Amino acid sequence: MRMLDTPILAGQPSVEGATTVRLSEAERGQRGTIIGVSAETSEGIASEELHRRLLEFGFVEGARVELIHEGLVGRNPIAVRLDDMRVALRRGDARGVLIALDSDALPLAAE
Amino acid sequence: MSTAFAAATRVALVGNPNSGKTALFNALTGSRQKVANYAGVTVERKEGHLTTPEGRTISVLDLPGTYSLRARSPDEMVTRDAVLGRLAGETPPDVVVCVADATNLRLVLRLILELKQVGRPLVLALNMFDIAQRQGLRIDIEGLSREIGAPIVTTVATRKRGIEELVAKVDELARSGVLNGPQTWREPDAGEIRSAHREAQRIMKAHVLPPERPDTWTAKIDSVLLHPVWGLVILTAIMFVMFQAVFTWATPVADLIDAGFAWLATTVGQILPPGLLTDLLTNGIISGVGSVLVFLPQILILFFFIIMLEDTGYMARAAFLLDRIMGGAGLHGRAFIPLLSSVACAIPGIMSTRVIDNKRDRLTTILVAPLMTCSARIPVYTLIIGAFIPHVKVWGLFNLPGLVMFGLYAAGIVSALVVAFVIRTFFWRGLVEPFLMELPAYKTPDPANIARNLWQRANIFLNRAGRIILPLMVLVWFLSTFPYPPAGATGPAIDYSFAGMIGHFIQPIFAPIGFSWQMTVALIPGMAAREVAVAALGTVYAVGGEADPGALSATLAHQWSLASGLAFLAWYIFAPQCAATLGVVKRETNSWKWPAIMFGYMVALAYLAAFVTYQVAHALGG
Ligand SMILES: Nc1nc2c(ncn2[C@@H]2O[C@H](COP(=O)(O)OP(=O)(O)OP(=O)(O)O)[C@@H](O)[C@H]2O)c(=O)[nH]1
Ligand SMILES: [Mg+2]
């Protein structure tokens, strides 16, 4: 795990002292709160469409997420618990979702 | 149409996918549209009617589910256009009923905020209220209703609870002539979606308390079924059991039906005086149609499995587990469900590709969908397997015919993936589209729903037998009986008939792949529907006097070489022989180009596969 190099977008709630991670790089069992959603895909291409689609699915600042399942090959796709629902997506599409991890949620804590 | 003064009130059911719109539609109108536990079941608009206790007519529109009116895929566009009244000659609905899964309100609240901008009176149906109550979810209905400015009715669509109240509310709104507001909806941008979410969040906080007994089963089941390794093992096992079952469980019943038709043909032959009519009845109709009806039990078993997978909520999990393979072949993540539906029949499979937004992704899926083994191939496969594959146990556990059946299904799946890969690698290279999919909570399947679905399936199958197979069999019988052989002819009479002539004429084309003229003849009516080929074989051999009625597979074992039999199987993995499928592809793509391409590539593959199979098997002494 590492601190994210991209600065958190202005105007987003920032969580003091929390480790942030992109959802695309999160590990199973990690959970936290979404602090930023931006228009970034795996190719690094900004995609307004993906951005809006993520938002419409409920990937929005303040929502709770937990990575609950991952696929066999390349740990892809992933399934996350997003507030009250479960959503499956590919890691590449999850790049734009920035999470502040809960301080007690160590990787694989759910084992 | 009626020219009543007051036209029927028009109501549209709108809501997130899988919230129970179609279940509610069925409960309201008495229809039998497909209901299943995954997102994207409904892909077209369906209209139905109901009469209020006061005798007024309400027309109800069932629509595809959506998270937003900002539609992307063809199914979502249907919903957007219906709600906004953008279709030619249509106005927006008089009342919009938003159907919400009461246990999952967050996203639908945002959709409601969008729907409010459409300017039509709105009713919120809090569906799945049984589950909400079981979980001890506390919703302040009055407060919520005030907040969203719309009446709320709680419903349990599958138990038909709350239906009268819903109708009463809709009727009341329609009659009170609530002034329609202006239509102010336009596509929200990211900022607007965010602020709508904040508003929805605030409403949630104020009026909905989290459940006292949340569903913990789904998480427990998923920890096994979505396990990276065990999940795949279980998925393979389920598929395996399914195809073994199709082959083994059905045998006793199928044998019974078989014996029944044999008895019928013999009895009719004895009771009626010999003559043309008797011949038509026994050889044409009973042999032909009977040879297809025998497969009813198998088809029902296959559908039983599919319905179970659909109703429990497993479909979305299977899509999750196989996403990597699908993606590797260049298929869109949402292509999984259309392809799996094609195991029943390619037609609904092709229709359900409407959930895919990118045109090329969608076309690729449409082009490969008919390669999935549809239920109409079951009669062909079973017949040939029964004739040529011995009934032995393999490793003391599986029976060989079942294994071959599994292999044929696997061949269909693999070839679909390979063709998709070729299309995406050489013709349409492109970026992979984003793919998000909700994993629904598991539900216990409703036995009544399963029974209803199976009954519907049996009906469709019997209907096809009556409307397509029967008339075609009369035709095949006619062609194989007339003209009579000339006086003093030595060969079998059928050789001199039209069917014999046609068969002998085109047989040279099929000689390299080992097809006899009878097989060639069977391919032609098989264009109407694949299983007709089996019926045609039944009739051709019966008229030719080379069969006892009801024992077609024994006849084939006699008449065909093993190599020919295997080549016939290989042909049918790819054979594009289904006029209805080509018709749907034309309709969905709006041009004859795609059905033509599909037909062309499938014939080429079928011929190639049969050729290789025949030559190899022949060389090995088959
Ligand atoms: N327990 C319970 N289950 C319900 C209720 N209403 C619907 N269901 C189930 O929920 C699932 C989804 O129902 P559908 O009617 O297909 O949902 P839909 O909104 O039409 O879905 P799409 O067409 O995909 O948008 C099915 O498994 C139904 O059996 C309800 O009131 N209670
Ligand atoms: Mg539906």
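See above for the structure.
Residues numbered from 1 in each chain as written. Chains lettered and ligands numbered in written order. Predicted model: local features only at pLDDT ≥ 70, side-chain atom pairs only at ≥ 80, totals over all residues. Heavy atoms only, no water.

A.B. asks: Explain the site of ligand 1 to me, please; I cannot follow it from the model alone.
C.D. replies: All names here are of chain B. Surveying the vicinity of ligand 1 reveals 24 residues, the closest of which are Lys21, Thr22, Ala23, Val41 and Thr42. At 2.8 Å, a backbone N or O of Gly40 approaches an oxygen atom of ligand 1. In this structure, Thr158 approaches ligand 1 through a side-chain N or O atom, which is 3.4 Å from a nitrogen atom. Sorting the residues of the shell around ligand 1 by element identifies helix H1 (21-29) and helix H4 (129-134) as the ones contributing at least two each. (Near = heavy atom within 4 Å. Polar contact = N/O pair within 3.5 Å; in protein donor to acceptor, adjacent residues only side chain to side chain. Helix = DSSP H or I, 4+ residues; strand = E, 2+ residues; numbered from the N terminus.)

A.B. asks: Where do I start with the interface of chain A and chain B in this structure?
C.D. replies: It is common to report an interface's size as the accessible area lost on association of the parts. Contacts between chain A and chain B engage 36 residues on the former and 44 residues on the latter. Between chain A and chain B, the buried area comes to about 3500 Å², and carbon and sulfur atoms account for 58% of it. Broken down residue by residue, the surface that chain A buries against chain B is led by Glu56, Arg86 and Arg90 of chain A, which jointly contribute 23%. The interface formed by chain A and chain B holds nine salt bridges in total. A salt bridge links Asp84 of chain A to Arg106 of chain B; the shortest N-O distance between them is 3.4 Å. Summed over the shared surface of chain A and chain B, the result is 18 residue pairs in polar contact (both at pLDDT 80 or more). Mapped onto the side of chain A that touches chain B, the elements with two or more residues apiece are helix H1 (48-56), strand E3 (64-70), strand E4 (78-82) and strand E5 (85-89) of chain A. Tallying contributions element by element places H1 of chain A first for the side of chain A that touches chain B, with nine residues. Among the residues making up the side of chain A that touches chain B, the classes are represented as 17 nonpolar, six polar and 13 charged. (Contact = heavy atoms within 4.5 Å. Buried area = accessible area lost by both parts, 1.4 Å probe. Salt bridge = Lys/Arg side-chain N within 4 Å of Asp/Glu carboxyl O. Nonpolar A, V, L, I, M, F, W, Y, C, P; charged D, E, K, R; others polar.)

A.B. asks: Sorry if this is basic, but what is going on with the coordination of the magnesium ion (ligand 2) here?
C.D. replies: Between any two of four tetrahedral donors, the ideal angle at the metal is 109.5 degrees; between two of six octahedral donors, it is 90 or 180 degrees. Residue and element names in this part refer to chain B. Surrounding the magnesium ion (ligand 2) are the protein donor atoms Thr22 (OG1) and Thr42 (OG1), which sit 1.9 to 2.0 Å from the metal. Of this pair, Thr22 sits in helix H1 while Thr42 sits in the loop between H1 and strand E2 (46-51), placing them 20 residues apart in sequence. Exposure remark for Thr42: the relative accessible area of 15% places this residue in the buried category. (Donors = N, O, S within 2.8 Å, 3.2 Å for Na, K, Ca; no water. Buried < 20%, exposed > 50% of the residue type's maximum accessible area, 1.4 Å probe, protein only.)

A.B. asks: Just checking my understanding: could you explain the sheet that holds strand E6 (residues 97-101) of chain A for this structure?
C.D. replies: Backbone hydrogen bonds hold the strands of a sheet together, and the pairing may be parallel or antiparallel. Ordered by their spatial adjacency, seven strands build an open sheet running E1(A)-E6(A)-E2(A)-E3(A)-E4(A)-E5(A)-E11(B), and the pairing between neighbours is antiparallel. Only two strands of the sheet have a single partner each, and these edge strands are strand E1 (20-22) of chain A together with strand E11 (436-438) of chain B. For this sheet, the mean inter-axis angle between neighbouring strands, taken without regard to orientation, is 40°. Here three bridges tie E5 of chain A to E11 of chain B, and the two strands are oriented antiparallel to one another. Bridging from a neighbouring strand, Leu89 of chain A pairs with Leu436 of chain B of E11 of chain B. With respect to the sheet, H1 of chain A is in contact with strand E2 (31-37), E5 and E6 of chain A together with E11 of chain B, its orientation differing from that of E2 of chain A by roughly 140°. (Pairing = 2+ DSSP bridges. Axes fitted to C-alpha atoms, helices over the stretch in contact; angles between N-to-C directions.)

A.B. asks: Help me understand the packing of helix H26 (residues 579-589) of chain B against helix H27 (residues 593-619) of chain B, please; the structure alone is not making it clear to me.
C.D. replies: When two helices pack together, their arrangement is given by the angle between their axes and by how far apart the axes lie. Residue and element names in this part refer to chain B. Running from N to C, H26 and H27 cross one another at 140°; their axes reach a closest spacing of 7 Å. Here H26 is positioned oblique relative to H27, judged by the angle of their axes. Pair H26 / H27 crosses with right-handed handedness. Across from Leu582, Val585, Lys586 and Thr589 in H26, the residues of H27 making contact are Trp594, Pro595, Met598 and Phe599. Grouping the amino acids of the contact of H26 with H27 by side-chain chemistry returns six nonpolar, one polar and one charged. (Parallel < 35°, antiparallel > 145°, perpendicular 65-115°, else oblique. Left-handed = near helix turned anticlockwise from the far one by under 90°.)

A.B. asks: Sorry if this is basic, but what is going on with the environment of Tyr38 of chain B here?
C.D. replies: Residue and element names in this part refer to chain B. Its location among the elements puts Tyr38 in the loop between H1 and E2. Overall, the relative accessible area of 4% leaves Tyr38 in the buried class. Aside from chain neighbours lying at most four places away, what touches Tyr38 is Asn18, Glu310, Met315, Ile337, Ser341 and Pro440.

A.B. asks: Explain the packing of aromatic side chains to me, please; I cannot follow it from the model alone.
C.D. replies: Think of a pair of aromatic rings as described by two things: how far the centres are apart, and how the planes are tilted against each other in angle. All names here are of chain B. If you walk through the whole model with that rule in mind, you get twelve aromatic pairs over all chains. Aromatic rings pair up to connect Phe388, Phe510, Phe515, Trp560, Phe568, Trp571 and Tyr572 into one cluster. Over the ring of Trp217 we find Lys220; its NZ or CZ atom is 5.2 Å from the centre of that ring. Over the aromatic face of Tyr442 sits the side chain of Arg317, whose NZ or CZ is 4.1 Å from the ring centroid. (Phe/Tyr/Trp six-rings, centres within 6.5 Å; stacked < 30°, edge-to-face > 60°. Lys NZ or Arg CZ within 6 Å of the ring centre and 35° of its normal.)

A.B. asks: Sorry if this is basic, but what is going on with helix H23 (residues 532-543) of chain B here?
C.D. replies: Helical geometry: 3.6 residues make up each α-helical turn, so side chains three or four residues apart lie on a common side. Residues and elements named next belong to chain B. Counted at 1.5 Å a residue, the expected span for H23 with its twelve residues is 16 Å, and the 16 Å between its end C-alpha atoms agrees. With twelve of its twelve residues buried, H23 lies for the most part within the structure. Looking at H23, one finds that the buried residues are Val532, Ala533, Val534, Ala535, Ala536, Leu537, Gly538, Thr539, Val540, Tyr541, Ala542 and Val543. Of the surrounding secondary structure, the elements contacted by the buried residues of H23 are helix H11 (276-293), helix H18 (377-388), helix H20 (447-481), helix H22 (517-523), helix H24 (552-559) and helix H25 (562-574). (Expected span 1.5 Å × (residues − 1).)

A.B. asks: Whenever I open this one, the pattern of salt bridges confuses me. Can you help?
C.D. replies: Between side chains of opposite charge, a pair can form when the charged atoms approach closely. In the structure shown here, the tally under the stated rule is 35 salt bridges over all chains. Arg72 of chain B is the partner of Glu49 of chain A in a salt bridge, and the nearest nitrogen-oxygen pair spans 3.2 Å. Here the residue Glu49 of chain A occupies a position in helix H1, and Arg72 of chain B occupies one in the loop between strand E3 (57-62) and helix H2 (74-84), the pair thus bridging two chains. The exposure class of Glu49 of chain A is buried, given its relative accessible area of 17%. When the shortest N-O distance is used, the salt bridge between Glu114 of chain B and Arg110 of chain B registers 3.0 Å. Of the two residues, Glu114 of chain B and Arg110 of chain B both sit in helix H3 (residues 106-116), four residues apart, roughly one turn of that helix.

A.B. asks: Before we go on, may I ask you to explain the nonpolar core in this structure?
C.D. replies: Generally speaking, nonpolar side chains in soluble globular proteins are found buried as a group. All names here are of chain B. Counting residues in hydrophobic clusters, the biggest one holds 141 residues, and the most contacted among them are Phe568 and Trp571. In terms of residue count, the dominant contributor to this core is H20 (ten residues). Leu111, Leu122, Phe129 and Ala150 belong to the second-largest nonpolar core, a separate cluster that totals 37 residues. (Core = buried A, V, L, I, M, F, W, Y, C linked by side-chain atoms within 4.5 Å.)

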